[in-house]
Amino acid sequence: MTVQLRIEQLRHRLASPDLLPRLEKLAGDAPASAPLSLHLDLGKLDTDWLHLLPAHGTFWYRARPAEQEFRLGIGQALHLSSAGRNRFAALDGAYAGFCQQWRSEAQALAFAGFAFDISNDTPLPNALLAIPAILLENLNGRCSATLSTPAGRIRHAAADWLHYLNIPSTSLQQTELMGTHPDVLPERAWIARVNAALRDIKAGRVDKIVLSRNRKFSANQAFSPARILGRLIEQQQDSLIYAHGNGQQTFLGATPERLIHLQGEQLSADALAGTAWPGSTELAGLKNQHEQSLVVRAVCEALRPLCLLPPQISRAEEHPAGHLMHLRSKITAKVQTGTTLFDLIRALHPTPAVGGFPVSAALDWLTTHGERRPGWYSGGFGILTPDGNGEFSVALRSALLNGNSAELQAGAGIVAGSDPQQELAETEAKLGTLLAALSPTMLADKTGTIG
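Per chain, residues are indexed from 1 in the order of the written sequence. The model is predicted, so local features are restricted to residues of pLDDT at least 70 and side-chain atom pairs to those at 80 or more, both for listing and for counting; the totals for chains, interfaces and linings are taken over all residues. Based on all heavy atoms of the structure, the side-chain values leave hydrogens and waters out of the count.

Participant: Looking at this structure, how should I read the pattern of salt bridges?
Facilitator: Between side chains of opposite charge, pairing is possible as soon as their charged atoms come close. Between Lys or Arg on one side and Asp or Glu on the other, a salt bridge is scored when a side-chain nitrogen of the former is within 4 Å of a carboxyl oxygen of the latter. Counted by the stated rule, this structure contains 27 salt bridges. Across the pair R155 and E24 runs a salt bridge, and its minimum N-O distance is 3.2 Å. Here the residue R155 occupies a position in the loop between β9 (142-150) and α4 (157-165), and E24 occupies one in helix α2 (residues 19-27), the gap between them amounting to 131 residues. For each residue, the accessible area found with a 1.4 Å probe, counting protein chains only, is set against the maximum for its type, and the residue is called buried under 20%, exposed over 50%, and partly exposed in between. Under the relative-accessibility criterion, R155 is labelled exposed at 63%. On the basis of relative accessible area, E24 is assigned to the partly exposed category, the value being 34%. Salt-bridge contacts for R213 lead to E428; the nearest nitrogen and oxygen are separated by 2.7 Å. Remark: E428 occurs in helix α10 (residues 420-438) and R213 occurs in strand β11 (residues 208-219); sequence separation between them is 215 residues. Here E428 falls in the buried class, since its relative accessible area comes to 3%. Each of R62, R64, E69, R71, E137, R258 and E391 takes part in a single network of salt bridges with overlapping partners. Counting from the N terminus, the helices are DSSP H or I runs at least four residues long and the strands are E runs at least two residues long.

Pasting the structure below:
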């Protein structure tokens, strides 16, 4: 049976009179704001759900191709946003309130994303958490739909769900890029910032600074998020593919770095730094090893107060991300009773992999030197369950799409011994992972590497 036929069956089931009694039974005496979630089995299907990405509606997308995990959330049954220094505590408290009232037939999910700094709220909210109205999942070929609504809207829920399913899908049309050559002046300005960072590193004011670069592109017609995500899935099998669309802009990317995973009392985190690509220096060089060791140290120090015993660190290994390679250590530990996922995020973010080291000095340096990071680049993107488990990844290798314009973002860690031209080449290689998804014929960098 085809995916499209199963979706037609889902639409038919949404019109069935048996949904309302199920919702009423689930609701009981729940308050109007309580989330309710029905579960529908869709059987075995081979799909990544991209053909259902809404063109003019809110959506969340998350895929781990290597693990055969594909999730698409359409619409928002409930959502909340925050900003400022207490943004994670605010989301934590509000989400805990949702979870106390959440009534579900099976495992449900919320999605969340947040910006690198505490004040950036353009064009996406600084920090956003949402329970999708429709969650479509494909886990190892087994597909399901989770339908969610506030208890106060149960009599309108079926119509809401049909509305979300009937929003026209995003186009899969091919676009042609324009303005694809790097601008020399921004490159020179970025190299000047690298040199400024190296001077302060040499003076002992800071050990590492992560500098980001952005490049803007336009196309002959609106970019297709579904087509770009599909290419990322093909090219980045070992990465996490993610996206959030608000009906006008889409923030998407492919990241190799897990920020935190919590399952019960067990946590795991990545300490990832150092980059190599075809034609670059060896990944195992001293510069990359030093950069990665700073991240390991900072992650362990941040987690230790929340853990029963000191975190365990695996040996650094090479981790692929398309044509790039990184050094990655896995850090595991058992958390203290009562520790939440947002407690861990608040302790970890930003790691030296995206900000620098020491963290406070690096953030001050970035603020002083006018660091700008659009959307949720180098922030986080994740999923959460009602029982407090979940996983967040660092939002790297990203693009912010708005009609026929795209702003790509990537960064590089500057430490003692960094070479400005080599760091520029690293950012070009990272930007190439998105360029190759925007246009399959685009050269990713000036060395001729295809992204």
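Participant: Whenever I open this one, the packing of helix α3 (residues 87-101) against helix α8 (residues 341-348) confuses me. Can you help?
Facilitator: Geometry of a packed helix pair, given as the angle between the helix axes and the separation of the axes. For helices, the axis comes from a line fit to the C-alpha atoms of the stretch in contact; other axes are also lines fit to C-alpha atoms, and the angle between any two N-to-C directions lies between 0 and 180 degrees. At a minimum axis separation of 9 Å, α3 and α8 run at an interaxial angle of 175°. In terms of their interaxial angle, α3 and α8 are classed as roughly antiparallel. Taking contact as the criterion, the partners of F88, A89, L91 and D92 in α3 are, on α8, F342, D343, I345 and R346. For the contact of α3 with α8, the class distribution of residues is 5 nonpolar, no polar and 3 charged. The labels follow the angle: roughly parallel below 35 degrees, roughly antiparallel above 145, roughly perpendicular from 65 to 115, and oblique for the rest. Any two residues whose heavy atoms approach within 4.5 Å at even a single point are treated as in contact. Think of it as three bins: nonpolar holds Ala, Val, Leu, Ile, Met, Phe, Trp, Tyr, Cys and Pro, charged holds Asp, Glu, Lys and Arg, and polar takes everything else, Gly as well.

Participant: Quick question: what am I supposed to make of the nonpolar core here?
Facilitator: Soluble, globular proteins show a tendency: their nonpolar side chains are buried together. Counting 77 residues, the largest nonpolar core has L129, I260, L267, L303, I345, L384 and F392 as the members making the most contacts within it. Broken down by element, the residue count for this core peaks at 7 residues, all from helix α5 (residues 184-202). With residues near it in sequence (within four places) discarded, L129 still touches L78, H79, L80, L91, Y95, A110, F111, A112, F342 and L384. Among buried residues, the Ala, Val, Leu, Ile, Met, Phe, Trp, Tyr and Cys ones that are joined through side-chain atoms within 4.5 Å form a nonpolar core.

Participant: Would you mind going over α4 with me for this structure?
Facilitator: Note that an α-helix has 3.6 residues per turn; residues three or four places apart therefore point the same way. Within the span of α4, buried status applies to A157, W161 and L165. With its buried residues spanning 70° around the axis, α4 presents them on a single face. Against the buried residues of α4 lie α1 (3-14), α2, β1 (35-44), β8 (134-139) and β9. It is the directions from the helix axis to the C-beta atoms whose arc is reported.

Participant: What's the story with the pairing of strand β21 (residues 390-394) in this structure? I'm lost.
Facilitator: For a regular strand, the rule is simple: side chains alternate between the two faces of the sheet. The buried fraction of β21 amounts to 5 of the 5 residues, a majority that puts the element mostly inside the structure. Side-chain alternation along β21 places G390, F392 and V394 on one buried face and E391 and S393 on a second face that is also buried. When DSSP finds two or more bridges between a pair of strands, those strands are recorded as paired. Note: strand β14 (residues 258-263) against β21, 4 bridges, orientation antiparallel. If you follow H261 over to β21, its bridge partner there is E391. Here strand β20 (residues 380-384) runs beside β21; their pairing, made up of 5 bridges, is antiparallel. Bridging across to β21, G380 finds its partner in V394. Hairpin connection of β20 to β21: 5 residues between the antiparallel strands, including G388 at a positive phi of 95°.

Participant: Teacher, can you tell me more about helix α6 (residues 225-235) here?
Facilitator: Among the 11 residues of α6, 8 are classified as buried, and the element is accordingly described as predominantly covered. All buried positions along α6 are accounted for by P225, A226, I228, L229, G230, R231, L232 and I233. Buried residues along α6 sit against β2 (58-64), β3 (69-74), β12 (240-246), β13 (249-255), β22 (398-402) and α10.

Participant: How should I be thinking about the packing of aromatic side chains in this particular structure?
Facilitator: Think of a pair of aromatic rings as described by two things: how far the centres are apart, and how the planes are tilted against each other in angle. Any two of the Phe, Tyr and Trp rings considered here, Trp counted by its six-membered ring, make a pair once their centres fall within 6.5 Å; the pair's planes then place it as stacked at under 30 degrees, edge-to-face at over 60, or tilted in between. Enumeration according to the criterion identifies 10 aromatic pairs in this entry. Plain terms: the ring middles of Y242 and F251 are 5.8 Å apart, the flat faces sit at 40° to each other, and that makes the pair tilted. Overall, the relative accessible area of 0% leaves Y242 in the buried class. With a relative accessible area of 1%, F251 lands in the buried category. Ring plane angle 40° and centroid distance 5.4 Å describe the contact between Y242 and F381, whose orientation is recorded as tilted. Of this pair, Y242 sits in strand β12 while F381 sits in strand β20; the two residues are 139 residues apart in sequence, bridging distant segments of the chain.

Everything listed is a geometric property; what it means functionally is a separate question.
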